[in-house]
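Structural description and commentary
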Amino acid sequence: MGDGLGSFQERDRIGVSDGPFALKLGDLNRDGNMDLAVANGITDTISILMGDGFGSFVEQDLINAGGELTALAIGMVNNDDNLDLLYTDSSRDAVVILLDNDNGVFNEENVIRISVGLSPSDVAVDLIDDDEHKDIVVSNRGDNGVSVLFGLGNGTFSEGLRLTTGTAPTSVLLEDVNADGQLDIITTNENSNDISVFFGQVARIFSQQPNIPVGGNPTAVVSGDFNQDDFIDIVSVNRGTGNVSTLLSTDFLKNFPVDDTLKLVTIRGRTFFVVELTSDEVEVPSGPNRTFIVRAFCSMEDIQPAFEGRVTLPFFDTTIPVIVDLQRVEFLKTTIKNARRINAG
């Protein structure tokens, strides 16, 4: 149990079945206490452990998956306020949904089995489109892709999309990495040593981005704001090289669409100015940072810039667009206003 100061002490060891490999958290019986669902790989079962609110758990049920259990998720898929269980069955190339009868009780009468790609390896559930019904994304290791299933709100799903990833996707993450308000799909691809990213758009459309190289044999991915810039970054764990790869939000935001007139983009209420830099515009390095010459134009056709200034940024590849946060670079605020005024005139 945590003491609130970063220290932990073991309280209980709770027995489950053989080969536990995945753990999910949720209030399955709606009593206000967190419960656990544990995927057991050797026996292909799911252990349901009910929490008492004081740090102890009691096994309530042991569910037979009826196939090769490879991943586990928790989410409400039929809008009845009860959390349901989802798992992937690699032996039958399917995702299986166990609907919660009531208060964390699951039985074979409420099982939904949906065919997906070959050898599904992971599953995620969230609101992908705008219809308020939970959707499902499954990574399929056997045919190098993801299956996107759109929920109808009653536990059934319409025929979805098939997106092509790198080789042997092992895990899938749903996250808004480009800050446009739409969930994106990220997979780790174990055999091609990279990450696939699909930007979500309206009308159930996904825009595939170039795969991002990481360490050897990536098997899992998490997201968070790791550099405190208010944007989502991702980290993969790489089994083959024994390390992790950190991908900061700049890797995603550099592909964000830019206004053709002022080269401005607004993300979550913050204004950014994008400028192309070349190597001859780099001045003397200063520690880990470098000073760049920044030029702004009112339109793509202008020869003379509306203003010119200097800004110090962390060093990175100068052949890609540079994103300058106007809230941190004060002189750009005034000059952008002038650029707007010149353009309007």
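On a predicted model such as this, the values are computed, not experimentally measured, just so you know.

What counts and how
One numbering rule holds for all chains: residues counted from 1, following each sequence as written. For this predicted model, a pLDDT threshold of at least 70 governs which residues receive local features, and a threshold of 80 or more governs which side-chain atom pairs are given and counted, while totals over whole chains, interfaces and linings are taken from all residues. Excluded from the side-chain calculations are hydrogens and water; all other atoms, namely the structure's heavy atoms, are used. A helix here means a DSSP run of H or I that spans at least four residues, while a strand means a run of E at least two residues long, and both kinds are numbered starting from the N terminus. For every residue, the accessible area obtained with a 1.4 Å probe (protein chains only) is divided by the maximum for its type, and the residue is called buried under 20%, exposed over 50%, and partly exposed between those limits. Here a residue-residue contact requires only that any non-hydrogen atoms of the pair lie within 4.5 Å. All accessible-area figures derive from a Shrake-Rupley calculation using a 1.4 Å probe, and residue coverage is judged against the displayed protein chains alone. In short, DSSP must find at least two bridges between two strands for them to pair. Note on geometry: axes are C-alpha line fits, over the in-contact stretch for helices, and angles between N-to-C directions span 0 to 180 degrees. Residues belong to one nonpolar core when they are buried, are Ala, Val, Leu, Ile, Met, Phe, Trp, Tyr or Cys, and are joined through side-chain atoms within 4.5 Å. Residue-level confidence of the predictor is what pLDDT reports, using numbers from 0 through 100. A pairing counts as a salt bridge when a side-chain nitrogen of Lys or Arg comes within 4 Å of a carboxyl oxygen of Asp or Glu. Think of a patch as exposed residues, more than 30% relative accessible area, with no salt bridge, where like charges cluster within 9 Å and nonpolar side chains (Val, Leu, Ile, Met, Phe, Trp, Tyr) cluster within 5 Å.

1. As for the overall build of the protein
Summing up its helical and strand segments, the protein has 2 helices and 26 strands in all. Burial status across the protein gives 49% buried among its 345 residues. Long-range pairs, those at least 24 residues apart, make up 38% of the contacts in the protein between residues at least 6 apart in sequence. Working note: accessible area of the protein is about 16900 Å², and carbon and sulfur atoms make up 49% of it.

2. Here we look at the sheet that holds strand 12 (residues 157-164)
Across the sheet, which stays open at both edges, the 4 strands sit in the order 9-10-11-12 with antiparallel pairing between neighbours. With partners counted over all chains shown, the strands left at the sheet margins are strand 9 (120-126) and strand 12, one partner each. Here the average twist between neighbouring strands, direction ignored, is 20°. Strand direction decides the pairing type here: strand 11 (residues 145-151) and strand 12, joined by 6 bridges, are antiparallel. Within strand 12, the residue paired with Ser 147 across the bridge is Arg 162.

3. Observations concerning the pairing of strand 7 (residues 94-98)
Burial within strand 7 is extensive, with 5 of its 5 residues counted as buried. The side-chain alternation of strand 7 yields two buried faces, one formed by Ala 94, Val 96 and Leu 98 and the other by Val 95 and Ile 97. Relative to strand 7, strand 6 (residues 84-89) runs antiparallel, the two sharing 5 bridges. Counted as the bridge partner of Leu 86 is Ile 97 from strand 7. Hairpin connection, strand 6 to strand 7: the antiparallel pair is bridged by 4 residues, and Asp 93 has positive phi, about 50°.

4. A closer look at the nonpolar core
As a rule of thumb, soluble globular proteins bury nonpolar side chains together. Of all hydrophobic cores here, the largest spans 17 residues; its most connected members are Ile 46, Ile 48, Leu 85 and Tyr 87. Excluding its chain neighbours within four sequence positions, the residues that come into contact with Leu 85 are Ala 37, Ile 46, Ile 48, Ile 63, Ala 73, Ile 74, Val 96, Ile 97, Leu 98 and Phe 106. Judged by nonpolar contacts, the second largest core, of 16 residues, contains Leu 99, Ile 114, Val 116 and Leu 149.

5. Concerning the environment of Val 111
Residue placement: Val 111 occurs in strand 8 (residues 111-115). C-alpha of Val 111 to C-alpha of Leu 99: the two residues are 12 residues apart in sequence and 6.4 Å apart in space. When sequence neighbours within four positions are dropped, the list of residues in contact with Val 111 reads Val 96, Ile 97 and Leu 98.

6. Observations regarding unusual backbone geometry
Most peptide bonds take the trans form, and the phi angle of most residues other than glycine is negative. One non-glycine residue with positive phi stands out, namely Ala 168, at about 60°. The residue Ala 168 is located in the loop between strand 12 and strand 13 (169-175) in this model. Unusually for a residue other than glycine, Asn 217 sits at a positive phi of about 55°. Checked against the element boundaries, Asn 217 lands in the loop between strand 17 (212-213) and strand 18 (218-224). According to the relative accessible area criterion, Asn 217 is partly exposed, its value standing at 27%.

7. Examining the side chain of Gln 182
Within the secondary structure, Gln 182 sits in the loop between strand 13 and strand 14 (184-189). Not counting residues within four places of it along the chain, the set of residues in contact with Gln 182 comprises Ile 128, Asp 130, Asp 176, Gly 200, Gln 201 and Val 202.

8. A look at the confidence of the model for the protein
Per-residue pLDDT for the protein averages 75, and the proportion of residues at 70 or more is 68%. No element of the protein has a lower mean pLDDT than helix 2 (residues 330-344), at 39, and none a higher one than strand 10 (residues 135-140), at 95. Predicted confidence is poor over residues 253-288, with pLDDT under 50, and the contacts of this stretch with residues over four places away or in other chains come to 107 contacts. For the stretch residues 313-345, pLDDT sits under 50, and the model shows 74 contacts to residues farther than four places along the chain or on other chains.

9. So, the pattern of salt bridges
Summed over the entire model, instances satisfying the criterion amount to 7 salt bridges. Between Asp 131 and Arg 204 there is a salt bridge, and its shortest N-O distance comes to 3.6 Å. You can see Asp 131 sitting in the loop between strand 9 and strand 10 and its partner Arg 204 sitting in the loop between strand 15 (194-201) and strand 16 (205-208), a full 73 residues away along the chain. Under the relative-accessibility criterion, Asp 131 is labelled partly exposed at 26%. We classify Arg 204 as partly exposed; its relative accessible area is 33%. Among the salt bridges present, the one from Glu 190 reaches Arg 239, with a minimum N-O distance of 2.0 Å. Of the two residues, Glu 190 is situated in the loop between strand 14 and strand 15 and Arg 239 in the loop between strand 19 (233-238) and strand 20 (243-247); the sequence distance between them amounts to 49 residues.

10. Looking at the sheet that holds strand 3 (residues 45-51)
The 4 strands are arranged 1-2-3-4 in an open sheet whose pairing can be described as antiparallel. Edge positions in the sheet fall to strand 1 (20-26) and strand 4 (57-64), since each of these pairs with one other strand and no more. Between one strand axis and the next, the sheet turns by 20° as a mean value, whatever way the strands run. The sheet contact formed by strand 2 (residues 35-40) and strand 3 spans 5 bridges and is antiparallel. Considered in strand 3, the bridge of Asn 40 is made with Thr 45.

11. Observations regarding a nonpolar patch on the surface
Where nonpolar side chains cluster on the molecular surface, the patch consists of Val 222, Phe 226 and Leu 248 and spans about 250 Å² of accessible area. With respect to the helices, strands and loops of the structure, Phe 226 is situated in the loop between strand 18 and strand 19.

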